[in-house]
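Here is how the chains run, residue by residue.
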Amino acid sequence: MVGMGSRSFVSHLECSLCHKRDAAREAHNLCECGGPLLVRYDLQRARAEWRPEQLGAAPRSMWRYAPLLPVSDPRHVVSLGEGWTPLIKAKRLGKRLEAENLWVKDEGLNPTGSFKARGLSCAVSMCVELGLRKLAIPSAGNAAGALAGYAAAAGLESHIFMPIDVPEANLVECRAFGAHVSLVDGLISDCARIVAERKAAEGWFDVGTLKEPYRIEGKKTMGFEVAEQFNWDLPDAILYPAGGGVGLIGMWKAFDELEQLGWIGSKRPKMIAVQATGCAPIVRAFETGQARSEFWRGAHTIAAGLRVPKALGDFLMLEAIRASGGTAIAVTDAEMLDAGIELASTEGIFAAPEGAACVAAVRTLIGNGFLKGTDRIVLFNTGSGYKYLETWSTRFPRSAVSEQDKLGGLITPR
Ligand SMILES: Cc1ncc(COP(=O)(O)O)c(C=O)c1O
Ligand SMILES: [Zn+2]
């Protein structure tokens, strides 16, 4: 019986480029060829021993899919309640956009306020299992917050490298979680270089995007959940705000695994990567028919998570987008802000700018006929708007004499 605290069907690691195999129960970063490693499972056995009905008794977190997660011993799982987020029908927004089947998967409800919790819950659990105690990450912000939180919960050291202009919430949460924080005058790519240069001497395990095989396993549970929440009948399109693209790659992997289990058929959603016009390397590569992206110079956008000038897994993202008949689309920062306020005021969902980007993109894709008004469309809101108060405040500046000032004046005479 597979259920709570159930065993994993993990079998080995496989390089996504050269397909060389590695042992699953050892610490690995990239393959020697430079390719990201992926976790593989004994799906034949899983198919024989695991059934969707068993999920009825499974935990209401992403660990409900423990049989297809890499942690061998359930005692090593570090969980703060990540995953199993709501899939909300956006009726009022859908009406405005003439999309009658529009859904929002709200990842803002995760611990640490973003979907990064899934990846880091899985990666930190594996670090516990493999006995790794010092973890380092280059991050646009939310992955850092998630690593710091899960490392704190596990009693491990976290070493964080983030751009100097990272959202305030990310800096404050990392410090509160007791992480070692370095602010870098540059982009996530500069942060990654520093981790790469120092990790051997410091004895750090690099949990940077796709530098290890486990974060993607946590992220793929978004795909399992969409499938389960739609009763194993996948939607027509998924819009995902892509930086490093791990969520998109992970969901694609999840669908493949579910098909091999026999839980879904061969139908796939159109996978749609949404980027910012100020940093759109995947959009450019998609439009010019390239298999890999080129480093985007001068990357800038208010959506900190989309400020990724070059993704290690760009080829995997582009493969999934093309194989699914999807597309890649960029939206401006102003469109993101407008769309985020529209989402908040019509649906009560206060999104991260990255999630808001999907709302702007769906409007364009319905307008130009790429998506139909009857399609079942899922927008990923990858984070909470509460983590970006300085960004949203640009649309809602406080007046000089705000209510709070008056109140402050009453309580503490000035
Ligand atoms: C809120 C948010 N959305 C989207 C992304 C992009 O995610 P990925 O790197 O998996 O493409 C990030 C990454 O930092 C993020 O923080
Ligand atoms: Zn390889």
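Being a predicted model, the structure only gives us computed values, none of them experimental.

**Description of the site of ligand 1**
Phase 1: Y240, G243, G244, G245 and T382 are the nearest of the 16 residues found near ligand 1.
Phase 2: Between an oxygen atom of ligand 1 and a main-chain N or O atom of G243, the distance comes to 2.7 Å.
Phase 3: Between ligand 1 and the protein, one listed contact pairs an oxygen atom with a backbone N or O atom of G245 at 2.5 Å.
Phase 4: Summarising the interface, the protein chains cover 97% of the accessible area of ligand 1, which totals 400 Å² for the free molecule.
Phase 5: If you list the elements that add at least two residues to the shell around ligand 1, you get β10 (237-241) and α8 (246-261).
Phase 6: In terms of residue class, the shell around ligand 1 is built from six nonpolar, seven polar and three charged.

**Comments concerning the sheet that holds strand β13 (residues 377-381)**
Phase 1: Spatially, the six strands line up as an open sheet ordered β4-β5-β13-β10-β11-β12, and their pairing is mixed. In the strand order of this sheet, the two ends are held by β4 (87-89) and β12 (327-331), each with one partner. For this sheet, the mean inter-axis angle between neighbouring strands, taken without regard to orientation, is 25°.

**A word on the packing of aromatic side chains**
Phase 1: Applying the stated criterion to the full structure yields nine aromatic pairs.
Phase 2: Between the aromatic rings of W103 and F230, the centroid separation amounts to 5.3 Å while the plane-to-plane angle is 80°, which identifies the pairing as edge-to-face. Of this pair, W103 sits in strand β5 (residues 102-106) while F230 is found in the loop between α7 (215-229) and β10, placing the two residues 127 residues apart along the sequence. For the pair W103 and F230, a shared accessibility class is recorded, and that class is buried.
Phase 3: Judged by centre distance (5.0 Å) and plane angle (90°), the ring pair of F350 and Y386 falls under edge-to-face. Here F350, found in the loop between α11 (333-347) and α12 (353-367), pairs with Y386, found in the loop between β13 and α13 (389-393); they are 36 residues apart in sequence, far enough to count as distant.
Phase 4: Ring-pair connections join several aromatic residues into one group, and the members of that group are W50, W232 and W263.
Phase 5: Against the face of W84 rests R64, its NZ or CZ located 3.8 Å from the ring centre.

**Here we look at the nonpolar core**
Across soluble globular proteins, nonpolar side chains have a tendency to be buried as a group.
Phase 1: Ranked by internal contacts, the top residues of the largest apolar core, which has 95 residues, are L120, L147 and I160.
Phase 2: For this core, the element with the highest residue contribution is α8, accounting for eight residues.
Phase 3: The residues contacting L120, other than those within four sequence positions of it, are S125, I137, A143, A146, L147, Y150, V207 and R215.
Phase 4: Among the nonpolar cores identified, the runner-up in size contains 31 residues, and A90, I272, A351 and L379 belong to it.

Procedures and definitions
Residues numbered from 1 in each chain as written. Chains lettered and ligands numbered in written order. Predicted model: local features only at pLDDT ≥ 70, side-chain atom pairs only at ≥ 80, totals over all residues. Heavy atoms only, no water. Near = heavy atom within 4 Å. Polar contact = N/O pair within 3.5 Å; in protein donor to acceptor, adjacent residues only side chain to side chain. Areas by Shrake-Rupley, 256 points an atom, 1.4 Å probe, with all protein chains shown as cover. Helix = DSSP H or I, 4+ residues; strand = E, 2+ residues; numbered from the N terminus. Nonpolar A, V, L, I, M, F, W, Y, C, P; charged D, E, K, R; others polar. Pairing = 2+ DSSP bridges. Axes fitted to C-alpha atoms, helices over the stretch in contact; angles between N-to-C directions. Phe/Tyr/Trp six-rings, centres within 6.5 Å; stacked < 30°, edge-to-face > 60°. Buried < 20%, exposed > 50% of the residue type's maximum accessible area, 1.4 Å probe, protein only. Lys NZ or Arg CZ within 6 Å of the ring centre and 35° of its normal. Core = buried A, V, L, I, M, F, W, Y, C linked by side-chain atoms within 4.5 Å. Contact = heavy atoms within 4.5 Å.

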